[in-house]
Amino acid sequence: MLNRASEACNMLKEHIENDAVIRIISHNDADGISAAAVIANALAEENVQFHASCIPRLKEDTVNQLRSEKYDLFIFSDMGSPFIKEFNTYKHDVIVADHHQVDDTESESNVVHVNPHLFGVDGSKDLCGAGSAYLTVRDLDKKHLAYFALIGAFGDMQGQNGFTGVNKLVLDDALQSGNLEIHEGLKIVSKSTEPIFKSLAYTFSPPLPGISGDLDGAREFLERMNLSYGIKFTDLEDEEKDLLKDALININPEIFGDCYTVPRETPMLRDLEEYSYVLDACGKNKKQGLGLSIALGEREQALDAALRLQRQYRDQIVKGLQWIKKEGAQQLNAIQYLYSEDKVLKSVMGTIASIALSVELLDDSKPVLGLSRLHNDIKISGRTTRDTVEKGADLGKALRDSSNNFGGNGGGHDIAAGAMIPFESKDNFLHLVDEMVEYQLNGD
């Protein structure tokens, strides 16, 4: 894996020496924006010009469109692995720094494919897209940028229980660089910016059943302890903080543990997990350029705008979880699904599907698909638990194979995946996924 990343870095160095303008195409979620940020920051430090785009998905027509752009090097980060065959026919050099599932297409000499799955490393928990991107620039002496790869890992739900696999190597680099510190603390969000009841209700990872996503539940929880819910966590007395900590640990022991911080950062972005939430809110609100500009060092107005988006996004998630609480999911044999044409719900469907599993609003023994109608298509976000994956479920494979049957496309990881299909195929698609997951879980 590291040798392959060094190959990619050598290709990159050649283009840097030739004063090339480099094209970066990345995903528009927290991991994808972090991946673009690692590469863009590295190039900026080398005084190299680049053109970066963060997009929701890579489609065949986009791949063909990019072919005609006049760049000598294309870098695809947190996306690109399904298109190695197409990149092999590019007249330009291509680096793919991804972590999604791969097929068996071999790369030609103009393509360097950096992906943990090629080396038996699990890209759903041991290395994210930003991690692959970081490894690609690491040999340029860029360990001080390693923390961006960890922001991406948090965005991809990989850092919540500590870092494993290649992520551990990235963590060691970040610590060695002096940019990162680890300390024990309560893993609740917005400690210094939101009233404590909102901090608790907006904390989704680790989940706090009865509190996460439930503003009334959070208020009642604090009132039972005679704690003022309207002040910020940072304004509580030390004894009150200890009382709150003990009560939260009783609900979920994982709420207290290692917190990863960049001390030199502005307070809003000091905690890596918080940073990932800010980038995620930008991406989910189609303001990925704002997220990338923050990761490239913009502050003040850009950060204020991002924090407004984050509040709006969190309120949308709360609304979505209330909807799930009221409506529940539609049940099939092996899977369950959520479907809405509501504009707000559609924008957070994948996120609320994931959180609803973790806070026990949905049956966590069944994978959940969140379906959102987009004109004549349906976007699908699939989520399941690590336990269900260990029993044989592989959503990446199920969504890829099922969507192909209906002229759509899909894929991702065993634990989290996505697809796009024509709207009229919805019911047949759901039944096929249901059959496939049932087949996977029965070990047939």
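Overview of the structure. Everything numeric in this text was worked out from a predicted model, so none of it was measured.

Considerations on the overall build of the protein
A tally of helices and strands in the protein yields 18 helices and 13 strands. Scaling as 2.2 N^0.38, a compact globule of 444 residues should have a C-alpha radius of gyration of about 22 Å, and the protein matches this with 21 Å. The 444 residues of the protein split such that 57% are buried. Of the accessible surface of the protein, which amounts to about 18900 Å², a share of 44% is contributed by carbon and sulfur atoms. Separation between the mean location of the 45 positive side-chain charges and that of the 70 negative ones in the protein comes to 5 Å.

Let's talk about the sheet that holds strand β5 (residues 111-114)
One key point about sheets: their strands pair by backbone hydrogen bonds, in either a parallel or an antiparallel sense. On the basis of which strands lie adjacent, the open sheet formed by 5 strands has the order β2-β1-β3-β4-β5 and parallel pairing. The open sheet has two free edges, formed respectively by β2 (50-55) and β5, since each of these has just one partner strand. Each adjacent strand pair in this sheet contributes to an overall mean axis angle of 10°, direction not counted. Direction of pairing for strand β4 (residues 93-97) relative to β5: parallel, over a ladder of 4 bridges. Across the sheet, the residue bridging to V94 is V111, located in β5.

So, the state of the cysteines
By the definition in use, this model includes 0 disulfides. The thiol of C259 is unpaired, and the distance to the nearest cysteine sulfur, on C128, comes to 19 Å. Unpaired in this structure, C282 has its nearest cysteine sulfur neighbour in C54, at a distance of 11 Å.

What about the packing of aromatic side chains?
What the rule picks out here adds up to 12 aromatic pairs. When the ring of F76 is compared with that of F87, the centres are 4.4 Å apart and the planes differ by 25°; the resulting orientation is stacked. Here the residue F76 occupies a position in strand β3 (residues 73-77), and F87 occupies one in helix α4 (residues 84-87), the gap between them amounting to 11 residues. The exposure class of F87 is buried, given its relative accessible area of 0%. Each member of the aromatic cluster is reached from another via a ring pair, and the members are Y71, F74, F76, F87 and Y90. Here the guanidinium or amino end of R219 rests over the ring plane of Y229, the centre of that ring lying 5.8 Å away. Seen from the ring of F423, R373 lies directly overhead, with NZ or CZ sitting 3.6 Å from the centre.

Observations regarding the sheet that holds strand β9 (residues 336-340)
Across the sheet, which stays open at both edges, the 6 strands sit in the order β8-β9-β10-β11-β13-β12 with mixed pairing between neighbours. Strands with a single pairing partner mark the edges of an open sheet, and in this sheet they are β8 (330-331) and β12 (409-412). Bridge analysis of β8 against β9 gives 2 bridges, and the strand direction is antiparallel. The partner of Q330 across the bridge, within β9, is Y337.

A look at the side chain of S124
Structurally, S124 is set in the loop between β5 and α5 (129-137). Within the structure, the side chain of S124 is placed 3.4 Å from the side chain of R386, a separation counted as a polar contact. One polar contact links S124 to D414, side chain to side chain, over a distance of 3.3 Å. Aside from chain neighbours lying at most four places away, what touches S124 is H117, Q158, R386, H413, D414 and I415.

Some thoughts on helix α11 (residues 272-284)
When the terminal C-alpha atoms of α11 are compared, their 18 Å separation across 13 residues agrees well with the 18 Å that a helix rising 1.5 Å per residue should span. Looking only at α11, the buried set comprises L272, E273, E274, Y275, S276, V278, L279, D280, A281, C282 and G283. For α11, the elements touching its buried residues are α2 (30-45), α6 (146-155), β7 (256-261), α12 (288-295) and α13 (301-327). Of the residues that open α11, the one with a side-chain oxygen 3.0 Å from the backbone nitrogen of E273 is D271.

Re the pattern of salt bridges
Within the structure shown, the criterion is met by 18 salt bridges. Between E45 and K142 there is a salt bridge whose closest N-O contact spans 2.8 Å. Residue E45 is located in helix α2, and its partner K142 is located in the loop between α5 and α6; the two are separated by 97 residues in the primary sequence. Relative accessible area serves as the criterion here: at 39%, E45 is assigned to the partly exposed category. Here K142 falls in the buried class, since its relative accessible area comes to 4%. Because the salt bridges share partners, they merge into one network encompassing E45, E46 and K142.

Quick notes on the environment of P267
Note on placement: P267 falls in the loop between β7 and α11. Sequence separation between P267 and S192 is 75 residues; the distance between their C-alpha atoms is 8.5 Å.

Concerning the nonpolar core
Judged by nonpolar contacts, the single largest core of 68 residues is most densely connected at L12, F148 and L272. For this core, the element with the highest residue contribution is α2, accounting for 10 residues. Discounting residues that sit within four places of it in the chain, L12 has contacts with I22, L43, L73, I75, I95, T136, V137 and L140.

A word on the packing of helix α17 (residues 395-404) against helix α18 (residues 426-441)
Orientation of α17 relative to α18, taken along the N-to-C sense of each, is 140°, at an axis distance of 9 Å. As summarised for this structure, α17 and α18 are arranged oblique, according to the angle between their axes. Of the two elements, α17 crosses α18, and the hand of that crossing is right-handed. Here L395, K397, A398, L399, D401, S402 and S403 of α17 come into contact with α18, specifically with F429, L432, V433, M436, V437 and Q440.

Thresholds, definitions, all that
- Chains are numbered independently. Their residues run from 1 in the order of the written sequence.
- Totals for whole chains, interfaces and linings use every residue, but because this is a predicted model, local features are given only for residues with pLDDT of at least 70 and side-chain atom pairs only at 80 or more, for both listing and counting.
- Remark: hydrogens and water are excluded; side-chain values derive from all non-hydrogen atoms of the structure.
- Put simply, DSSP H or I for four residues or longer makes a helix, DSSP E for two residues or longer makes a strand, and each gets a number counted from the N terminus.
- Based on C-alpha atoms, the radius of gyration is set beside the globule rule, defined as 2.2 Å times the residue count to the power 0.38.
- Each residue is assigned to one of three classes by its accessible area relative to the maximum for its type, calculated with a 1.4 Å probe on protein chains only: buried under 20%, partly exposed between the two thresholds, exposed over 50%.
- For the area figures, the Shrake-Rupley method with a 1.4 Å probe applies, and any residue is considered shielded solely by the protein chains shown.
- For the purpose of charge, His is not counted, nor are the chain termini; Lys and Arg are scored as positive and Asp and Glu as negative.
- Charge positions come from single atoms, namely NZ of Lys, CZ of Arg, CG of Asp or CD of Glu.
- We treat two strands as partners when DSSP finds at least two bridges between them.
- Axis geometry follows a simple rule: fit a line to the C-alpha atoms, using only the stretch in contact for helices, then measure angles between N-to-C directions, giving values from 0 to 180 degrees.
- Any two cysteine sulfur atoms lying within 2.5 Å of each other are counted as a disulfide.
- Between 30 and 60 degrees the pair is tilted, below 30 it is stacked and above 60 it is edge-to-face, where a pair is any two Phe, Tyr or Trp rings, Trp via its six-membered ring, whose centres lie within 6.5 Å.
- When the NZ atom of lysine or the CZ atom of arginine is within 6 Å of a ring's centre and also within 35 degrees of its normal, the charge is said to sit over that ring.
- Between N or O atoms, a polar contact is any pair within 3.5 Å; within protein, one atom must be a potential hydrogen donor and the other a potential acceptor, and residues adjacent in sequence are included only when both atoms are from side chains.
- Only heavy atoms matter for contacts: two residues are in contact if any of them lie within 4.5 Å across the pair.
- Helix span, expected: 1.5 Å multiplied by one less than the number of residues in the helix.
- We define a salt bridge as a side-chain nitrogen of Lys or Arg found within 4 Å of a carboxyl oxygen belonging to Asp or Glu.
- Definition used in this section: a nonpolar core is a set of buried Ala, Val, Leu, Ile, Met, Phe, Trp, Tyr and Cys residues joined via side-chain atoms within 4.5 Å.
- Note on angle classes: values under 35 degrees are labelled roughly parallel, values over 145 roughly antiparallel, values of 65 to 115 roughly perpendicular, and the remainder oblique.
- Left-handed describes a crossing whose near helix is turned anticlockwise from the far helix through less than a right angle; right-handed describes the clockwise counterpart.

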